Amino acid sequence: WNSRNLVFANYFKSDFQKWYSIVKLVVNDFSINTVALINSWANQNCIKEGFAPTKFYERPKEQLVSANGGPLNIRYKLNKGHIQNDDYYFKNIFLIVDNITNDVILGTSFLTQIYPFTVNKTRVHTKIMGKTISFNFLSAAHQKEILNLQSSSIFRQINSL
């Protein structure tokens, strides 16, 4: 982590955002389209245990707690996961957690990969090598969420770093 990621994460801790989007999870020869919770409150990307083939799991060193402070049982992690969108693959590490309600949670480590991004009512967008990549929401974002994100000082803080 560098100072850019720390500023990014600290902003979202005070005013977190979350959206649901259909994403494609790819691990070697396994792929699946699923609903992911994109959640700026989450420090790590997580997958519910049993969702991806166990042959790709490794032993973790990390520990994790839920939003309410309770421990989350992490027995494995997935080091070689990708979120595919169009022809672009976002490489991610996922912690395998047995007691979460969503199959896939994409946290700040994912959001820093697509930064800078813009958000409107229906999707979050980023540009990579001049190509717009969008993650569509399952339901429209609330205008308050969009305004909070667009008016935040995170953009000025990161650009000044």
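Since the model is a prediction, treat every value here as computed from it, not as a measurement. (Residues numbered from 1 in each chain as written. Predicted model: local features only at pLDDT ≥ 70, side-chain atom pairs only at ≥ 80, totals over all residues. Heavy atoms only, no water.)

> When you look at a nonpolar patch on the surface in this model, what are you seeing that I'm missing?
A cluster of nonpolar side chains, namely Y20, I22, V35 and L138, defines an oily patch on the protein surface of about 360 Å² accessible area. Mapped onto the fold, I22 is located in strand 1 (residues 18-27). Note on I22: relative accessible area 55%, which makes it exposed. (Patch = residues over 30% accessible without salt bridge, like charges linked within 9 Å, V, L, I, M, F, W, Y side chains within 5 Å. Areas by Shrake-Rupley, 256 points an atom, 1.4 Å probe, with all protein chains shown as cover. Salt bridge = Lys/Arg side-chain N within 4 Å of Asp/Glu carboxyl O. Helix = DSSP H or I, 4+ residues; strand = E, 2+ residues; numbered from the N terminus. Buried < 20%, exposed > 50% of the residue type's maximum accessible area, 1.4 Å probe, protein only.)

> Help me understand the sheet that holds strand 3 (residues 45-48) in this model?
Paired through backbone hydrogen bonds, the strands of a sheet run either parallel or antiparallel to each other. Taking strand neighbours around the barrel as the criterion, the 6 strands line up as 1-2-8-3-7-6 in a closed arrangement whose pairing is mixed. Across the sheet, the axes of successive neighbouring strands diverge by a mean angle of 40 degrees, strand direction being ignored. (Pairing = 2+ DSSP bridges. Axes fitted to C-alpha atoms, helices over the stretch in contact; angles between N-to-C directions.)

> Explanation requested: the environment of I32 in the structure shown.
Assignment of secondary structure puts I32 in strand 2 (residues 30-39). Among all residues touching I32, those that are not within four sequence positions of it are V23, K24, L25 and F51. (Contact = heavy atoms within 4.5 Å.)

> How should the pairing of strand 11 (residues 131-136) be read in this particular structure?
Each regular strand displays side chains that alternate between the two surfaces of the sheet. Pairing between strand 10 (residues 123-128) and strand 11: 6 bridges, direction antiparallel. Within the sheet, the bridge partner assigned to K127 lies in strand 11 and is T132.

> Any chance you could explain unusual backbone geometry here in plain terms?
Excluding glycine, residues mostly have negative phi values, and the peptide bonds linking residues are mostly trans. With an omega of 0 degrees, the peptide bond between Y115 and P116 qualifies as cis. Looking at the secondary structure, you find P116 in the loop between helix 2 (108-114) and strand 9 (117-119). Positioned with a positive phi, D86 is a non-glycine residue whose angle comes to about 55 degrees. Assignment of secondary structure puts D86 in the loop between strand 6 (74-85) and strand 7 (88-97). Of the residues examined, D86 reaches a relative accessible area of 45% and is grouped as partly exposed. Located in the positive-phi region is M129, a residue other than glycine, with phi close to 50 degrees. Mapped onto the elements, M129 comes out in the loop between strand 10 and strand 11.

> What exactly am I supposed to notice about the pairing of strand 3 here?
The pairing of strand 3 with strand 7 spans 4 bridges and is parallel. If you follow N45 over to strand 7, its bridge partner there is F94. The pairing of strand 3 with strand 8 (residues 104-106) spans 2 bridges and is antiparallel. Bridged to C46 within strand 8 is I105.

> I keep staring at the environment of T54 and nothing clicks. Help me out?
Within the secondary structure layout, T54 lies in the loop between strand 3 and strand 4 (64-65). Taking the C-alpha atoms as reference points, T54 and L78, 24 residues apart in sequence, are found 9.1 Å from one another.

> Any chance you could explain the sheet that holds strand 11 here in plain terms?
The sheet built from 3 strands is open, its strands ordered 9-10-11 with antiparallel pairing. Either end of the sheet is taken by a strand with one partner, and the two such strands are strand 9 and strand 11. Averaged over all pairs of adjacent strands, the angle between their axes in this sheet comes to 25 degrees, without regard to strand direction.

> Explain the side chain of Q84 to me, please; I cannot follow it from the model alone.
Position of Q84 among the secondary structure elements: in strand 6. When its relative accessible area of 17% is taken as the criterion, Q84 is described as buried. A polar side-chain atom of Q84 sits 3.1 Å from the main-chain carbonyl oxygen of D86. Excluding residues that lie within four positions of it along the chain, Q84 makes contacts with K24, V26 and Y89. (Polar contact = N/O pair within 3.5 Å; in protein donor to acceptor, adjacent residues only side chain to side chain.)

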